[in-house]
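Commentary on secondary and tertiary structure
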Amino acid sequence: MNLLNIWIEWTKEVFAPMGVWGLFLLSFIEASFFPVPIETLLFILVLANPESALFYAFIATVGSTLGGIGGYYIGYVGEMTVLEKMFKREKIDKAHQLFNKYGWWAVFIGGFTPLPYKLFTIASGVFYIDLKKFISASIISRGLRFFAEAILLMLYGQIIIDFLNKHFNLITIVIVVLLIAGYWLYRKHFR
């Protein structure tokens, strides 16, 4: 059994007995430092109690957004010191400019796709992207992800888990590409 599977089993043992509070806590810590995905517990809870699926999605969204704010402050307080030891100031400034220009989209993509969201929360603090933009991108991306998963689980149960296990990465990449293309078309034709 590899390390990630050990962490997943440990997460189930520790957080599942806490129910909704465990989901909130896992969502909070996953957004700032913990390696196990929220879906580990979200799927268990929704399958056990499908009529509460939307409530679970709401709890995961709130917990993840608040945890993301925690990750933002981790980056804001300590990471610039680490970056300055590893990279030249010019490179840091260039990354900062790009993150400020596309920060909302970076947080949205990080929150919606299988990419580690915590990297985007911490980077948002490091490059001090506007906190309101960060929060709005987090709420929208995490909400879309968790509500879509909860609704699909509520409607299709285990079948959708098997489908997502096979195709989740591809689905999210296609959705992100479509969103970026739509945004680009909007900017090109309506600005």
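Our subject is the structure listed above.
The rules we used
- As a convention, each chain's residues are numbered from 1 in the sequence order in which they are written.
- Whole-chain, interface and lining totals are the exception, using all residues; otherwise, since this is a predicted model, local features are given only for residues with pLDDT of at least 70 and side-chain atom pairs are given and counted only at 80 or more.
- Excluded from the side-chain calculations are hydrogens and water; all other atoms, namely the structure's heavy atoms, are used.
- Counting from the N terminus, the helices are the DSSP runs of H or I reaching at least four residues and the strands are the DSSP runs of E reaching at least two.
- What the globule rule says is 2.2 Å times the number of residues to the power 0.38, and the radius of gyration is computed from C-alpha atoms.
- We call a residue buried when its accessible area falls under 20% of the maximum for its residue type, exposed when it is over 50%, and partly exposed in between, using a 1.4 Å probe and counting protein chains only.
- Pairs of residues are marked as contacts when any of their non-hydrogen atoms sit within 4.5 Å.
- Charged residues are defined narrowly, with Lys and Arg counted positive, Asp and Glu counted negative, and His plus the chain ends left uncounted.
- The atoms used to mark charge sites are NZ of Lys, CZ of Arg, CG of Asp and CD of Glu.
- Only buried Ala, Val, Leu, Ile, Met, Phe, Trp, Tyr and Cys residues count toward a nonpolar core, and they belong to the same one when joined by side-chain atoms within 4.5 Å.
- Only the stretch in contact is used when fitting a helix axis, every axis being a line fitted to C-alpha atoms; angles between N-to-C directions are given from 0 to 180 degrees.
- Each angle receives one of four descriptions, namely roughly parallel if under 35 degrees, roughly antiparallel if over 145, roughly perpendicular if within 65 to 115, and oblique otherwise.
- Should the near helix be turned anticlockwise from the far one by less than a right angle, the crossing is termed left-handed; should it be turned clockwise, right-handed.
- Put simply, Ala, Val, Leu, Ile, Met, Phe, Trp, Tyr, Cys and Pro go in the nonpolar bin, Asp, Glu, Lys and Arg in the charged bin, and everything else, Gly too, in the polar bin.

Another aspect to go through is the overall build of the chain. Within the chain, the regular secondary structure consists of eight helices and zero strands. Listing every helix and strand of the chain by position from the N terminus yields α-α-α-α-α-α-α-α. Computed over C-alpha atoms, the radius of gyration of the chain comes to 18 Å, within 12% of the 16 Å expected from 2.2 N^0.38 for 191 residues, which places it in the range of a compact globule. For the chain, the C-alpha atoms occupy an extent of roughly 50 × 40 × 30 Å along the three principal directions. The buried share of the chain, taken over its 191 residues, is 42%. Within the chain, contacts between residues separated by at least 24 positions form 75% of all contacts whose residues are at least 6 apart in sequence. Of the side-chain charges in the chain, 16 are positive and 12 negative, and the distance between the mean point of each set is 13 Å.

Next up on the list: the side chain of S138. Along the chain, S138 falls in helix α7 (residues 131-156). Setting aside residues up to four positions removed in sequence, S138 forms contacts with T65, V107, Y117 and G143.

Relative to the helices and strands, E39 is located in helix α3 (residues 39-48). Other than its neighbours up to four places away in sequence, E39 contacts R145, F146 and E149.

Counting 25 residues, the largest nonpolar core has L23, L42 and V46 as the members making the most contacts within it. Of all the secondary structure elements, the ones that give two or more residues to this core are α1 (3-15), α2 (20-30), α3, α4 (53-86), α7 and α8 (158-190). In terms of nonpolar packing, the next biggest core, distinct from the first, is built from 15 residues, A31, I92, A106 and A137 among them.

This part is about the packing of α2 against α3. Closest axis-to-axis distance for the α2/α3 pair is 9 Å, and the angle between their directions is 155°. Put simply, α2 runs roughly antiparallel to α3. Judged by the twist between their axes, the crossing of α2 over α3 is left-handed. Contacts from G22, L23 and L26 in α2 reach L41, L42 and L45 in α3. Partitioned by chemical class, the residues of the contact of α2 with α3 number five nonpolar, one polar and no charged.

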